[in-house]
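Per-entry structural report
As a plain string of letters, each chain reads:
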Amino acid sequence: LQCEWAGQNRCRLNSSRVLMLLGQLERLNGEAVVTDIEAIRQVTGKILHLIQTQEKTRKEIMTKGSSGMEVILTSLENTRDLQTILNILCILNELLTVGGGRRVGVFVSKGGTAIVLQLLVQSGKEASPSEELMLHLHSLLAKVGPKDRKFGIKARLNGALNVTVNLLKQNLQNHKLLLPCLQVLRVYSSNSVNAVSLGKSGVVELMFKVIGPYSKKNTTLLKVALDTLAALLKSKMNARRAVDRAHVPALLAIYQDWHRNDTRHRHMLIRKSILGCIKNITNIKLGRKAFIDADGMRILYNTSAECLPVRTLDPLVNTSSLIMRKCFPKNRLPLPTIKSVFHHPLQHVPASGPVAQLYSQPPGVDDVVDESDDNEDTEVDTENDTENEEDEKDPRNDDIETDINKLRSRQVLTRPFEELRVYERFFREFSEDFQVKALPLLIEWEGLEQPNMTLQSPCLMLCLNKWAIKSPSFRLWSNGTVSSGMKELHSIPFGICWDGVCDKLELELVQGLSQLLLDASQSVNGGCGGEGPQEESGEQAVLEVPDTAALLPLHDPDLYLVMVKGTCSVPGYTEVAYPDYFGHVAPNFREHILERVYGVQRSKIFQDIERLIHPTDILDKVVYDLDLQSCPVIDDGECLKFNSQFESGNLRKAIQVRKFEYDLVLNSDINSNHYHQWFYFEVSSMRVGVPYRFNIINCEKSNSQFNYGMQVLMYSVQDAISGSPRWVRTGSDICYYKNHFSRSSIAAGGQKGKSYYTMTFTVTFQHKDDVCYFAYHYPYTYSTLKMHLQKLRALRTPQIYYRQEQLCETLGGNCCPLLTITAMPESTGNDHICQFRNRPVVFLTARVHPGETNASWVMKGTLEFLMSSSPLAQSLRESYIFKIIPMLNPDGVINGNHRCSLSGEDLNRQWLTPSAELHPTIYHTKSLLQYLTAIGRTPLVFCDYHGHSRKKNVFMYGCSIKETVWQTNVSASSSDLQEDLGYRTLPKLLSQLAPAFSLSSCSFVVERSKESTARVVVWREIGVQRSYTMESTLCGCDQGKYKGLQIGTRELEEMGSQFCVALLRLRRLTSPLELRNHHTHLLDMESDLIETRCNITCPTTYVMEEDEPAFLEEVDYSAESDEENDPDADHAHLDPSSDPEFTHQDSLT
Ligand SMILES: [Zn+2]
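What you are looking at is a predicted structure, and each value in this text was computed from that prediction instead of being measured.

Before going further, it helps to examine the overall build of the protein. Tallying secondary structure elements over the protein gives 45 helices and 22 strands in all. Counting only residues that meet the buried cut, the protein has 59% of its 1149 residues in that class. In the structure as shown, the protein presents an accessible area of about 45,700 Å², 51% of it carried by carbon and sulfur atoms.

We now examine the environment of Arg1068. Tracing the sequence through the fold places Arg1068 in helix α42 (residues 1049-1070). A relative accessible area of 36% means that Arg1068 is categorised as partly exposed. Counting along the chain gives 189 residues from Arg1068 to Ser879, while the straight-line C-alpha distance between them is 9.0 Å.

Reading across the sheet, the 5 strands line up as β6-β9-β15-β11-β12 and stay open at both edges, with antiparallel pairing between neighbours. Looking at the sheet topology across the chains shown, the edges are occupied by β6 (641-643) and β12 (727-730). Looking at each pair of strands side by side, their axes are set apart by 30 degrees on average, direction ignored.

Turning our attention to the packing of helix α5 (residues 68-78) against helix α8 (residues 112-125). Running from N to C, α5 and α8 cross one another at 25 degrees; their axes reach a closest spacing of 10 Å. The angle between α5 and α8 falls in the class roughly parallel. For the pair α5 and α8, the crossing hand works out as left-handed. Only Gly112, Ile115, Val116 and Leu119 of α8 make contact with α5, whose side of the interface consists of Leu73, Leu76 and Glu77. Here the contact of α5 with α8 is composed, by residue class, of 5 nonpolar, 1 polar and 1 charged.

Here we come to the pairing of strand β19 (residues 881-885). β19 sits mainly inside the fold: 5 of its 5 residues count as buried. Side-chain alternation along β19 places Ile881, Lys883 and Ile885 on one buried face and Phe882 and Ile884 on a second face that is also buried. With 5 bridges connecting them, strand β18 (residues 841-846) and β19 associate as parallel partners. Within the sheet, the bridge partner assigned to Phe843 lies in β19 and is Lys883.

Burial analysis of strand β8 (residues 661-666) places 6 of its 6 residues in the buried class, which makes it a mostly covered element. Burial along β8 is two-sided: the residues Glu661, Asp663 and Val665 and Tyr662, Leu664 and Leu666 are all buried. Two elements, strand β7 (residues 651-658) and β8, share 6 bridges in a ladder whose sense is antiparallel. Paired with Ile655 across the strands is Asp663, a residue of β8.

With that settled, the discussion passes to the UniProt feature "active site" (unreviewed entry) in the protein. As recorded in UniProt, the feature "active site" (unreviewed entry) lies at Glu1031. With respect to the helices and strands, Glu1031 occurs in strand β22 (residues 1026-1033). Contacts of Glu1031, omitting those with residues within four sequence positions, involve His946, Gly947, His948, Asn953, Val954, Phe955 and Tyr957.

Definitions and cut-offs
Residues numbered from 1 in each chain as written. Predicted model: local features only at pLDDT ≥ 70, side-chain atom pairs only at ≥ 80, totals over all residues. Heavy atoms only, no water. Helix = DSSP H or I, 4+ residues; strand = E, 2+ residues; numbered from the N terminus. Buried < 20%, exposed > 50% of the residue type's maximum accessible area, 1.4 Å probe, protein only. Areas by Shrake-Rupley, 256 points an atom, 1.4 Å probe, with all protein chains shown as cover. Pairing = 2+ DSSP bridges. Axes fitted to C-alpha atoms, helices over the stretch in contact; angles between N-to-C directions. Parallel < 35°, antiparallel > 145°, perpendicular 65-115°, else oblique. Left-handed = near helix turned anticlockwise from the far one by under 90°. Contact = heavy atoms within 4.5 Å. Nonpolar A, V, L, I, M, F, W, Y, C, P; charged D, E, K, R; others polar. UniProt positions renumbered as here; feature names shortened; annotations may be inferred.

What follows is the structure, given as structure tokens:
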């Protein structure tokens, strides 16, 4: 310290001269009129000399707390003497040349910019301003401008723009003066209002005079002029002006000239700047048209192709591809309508909203495209100042609930108890006295008749002829028998407990199966004489069904077929997909999150652009089309065969575009015209060893985990038959990007000019004559659920109390099952019965969103745990009464919807005011909860299982007033709010117990947009403090034991069982009885759980719904024609080691 002090002192002594001079200058400034011009000239001259010769004097002037800058600026402001002014400008130029932003910051904060700009304006008024003065002024402004955020406004308000412009016009050949003037102009132009005004002064034309063909001379100047031009062309008015004067072909010609001549790539930045001009000009429709007319697509395509091998030219390829995508003529989706191909007329149409809109649409309206796609450039450049970037609201905060009243629990009983009383029947456990001799589990049939079936032995051997395997999905019954089959369907008792008749029934079910099989091939038990249409081959193959029943305790192919018969689908499906029939045995190998191949998206986009450039290469052959009465079945050996007419399937159309490339169109949710994300379809007739490219071309979300290492799932029937019945993560060259198919404003929620997205993947098939299935995520059909419930029911022991009831019927005529699971009372003694009845309730729901199949797998894990014989499970059952609705949206699941129910609405946005007619499952689920609250049995925990398409890991959303308030700037001091921190405990426990669970991804903020979700309504209206949404990733984990791996059903099921373990621990922590016993220990533990995460200063981060932030792949995410924010507008990526496609990922996920 002493040393440092001494050093400073010495410095002060040595530089006393400059301080002395500054003192003199300050005194001179103080004089009313500067009379002694000579003196001030001398002083400033000496200071300049010192500065030029001794760096330390610069430091001395700029040192913190020094008034040097102020003194110098005051002198500049006061003096009229040219020599003095020049001296001072030189001093400032010297001072600001080094020292980076801080020195400029001091200059700006002392008002330097305005002083220099005023000087510029004054000098500009003179008849012949000194060239030297102008040079110095502009040099100084060129240094200051880029670092003064208000520079553009200041320049305009001071009237400096025209001074510079006039100077430029007069000095086009004077390169010495031209450069600093252009540099200043470049900064002026970056302000949008300035750009308009400069354009009116003819600066665009001026810039076109400066730029020109390839030349080694004046490249710095050229670069600045190009950047200025690019900035000016961001103004639509300027762009139009440039198009009108035929500058688009000129720019393309200049670009080609540089491309040809810059063989050693020394001037990549200039070439990039030319592209920058083209990029901005093509933001307007006229510009895009001019670009196409000038053969821009071919020019940029060809130049890019030549640039591709040189990695350092990537910025050129990327910008070119951006321009080409933008100019790519918007195409129409190859559909007659975007409404679902299947119809389910609603008896009650919602009064307002998208469904009402859909129903009020006049017939014959083309909803696939509309005039919005023309992207008219009607907007006029803004004349208002738009520079208040600082004041820009953090968009994340917009959605946070700030109304304290809405955040407070308002457990008001909104319905009279009399109305809720009907739900009493679902809570028999509250009144069960077990005094009757009858088995407590024997529950009536709820009015359903017993099936009339007889016994047969299980049938694991399935005979299929060659036809069957070739023409894939198992056909359940031939067309002639559908109706009778359907009748039989309804008689199949699903959702009932067959207590005491269980074994008999299972055998009966098998008999039902054999009937089904007979319908299909009449061949099951009596040999394999299939009678399919292609039977003439005579070849028969006996295919042994993989014995998944042995590997999968809850799976039984035969039982599955029976369940399918009881499932009502809108299309009336008669086929079963093999994967659902055989079952899925999770593979033992690890499936890593895929590392993205460099440039994959770019190369896919180039292939798309080739469609336009080489149209004759495109086949455009429709090979599957549900919109046609007879869906084409092309069997010419030249194309794949597609099918998805089975439960949860949703492929609408397949078009062969190239020999091994297909465009696929997904069906929208029923009674909706969008929500395309989930997919499930079948492919056959493939060639072995050839990479096939599949493009799902009507995706809607702006980003996807397919950009972050997620693969699609594939199921090979050949593999299944040879002993590996399983879904595997597969596909290479996977990416997700905005495409050139336009989305009508109807489909885009009123937004105009939006495009669809393409999800592309490439697969090489391994087996000949295989039938393969592709899915977005591990399918889990409604029939699968029913099968699992049957099997679970069979796992009952005398210790388990299990009831399955029909909560209600869905719009599609399916049953929504409600399960009650707890432990039987230890005895029929009063104490035990009392304990039994008074166990706290845990209420679980899942699969409100059909596309989130992972939620069902987690639920399966929970259910299996609850029905298991382990002591933990028994202990858990003794602790709680579980009320579980494992599938809130059966219809959506069955019909291959992604998000909605048959009413075309997102059921998880209906919880505030569910309609008994339109949203029966939600209405009755909420009623159950209202009933519980009404009788004083509000659940301890409510959790709704979901899947998350944009984030990794498993995590929870909860509700907390405090955390919500912390995230906003609401002045209400959070100390006023009383809140129990118990909502933290369960997620905390889960993070300790479940490897896939990530506490840091959890959020407890209440968002406005979620006000009608289960989580928020159950928290606020029902009063469940521990009300959660549990979100499971569709992709994989980036932390914990499964870091770097994609998630599979094993991990999802584990999550479900660990959820149970966490509930058991929660019980131990919250049980008053046990607290009495282990008072201190448990209190410590609870406080520890709370302390570690819940101290006031550290609320969890607020997580946006749209989750994984916009993927910043440099090129491809900003191809919207009106997109202004090009992430690399100002800095070229020259570092070849940095892959612009991927470097952002880690920091953003
Ligand atoms: Zn969901």
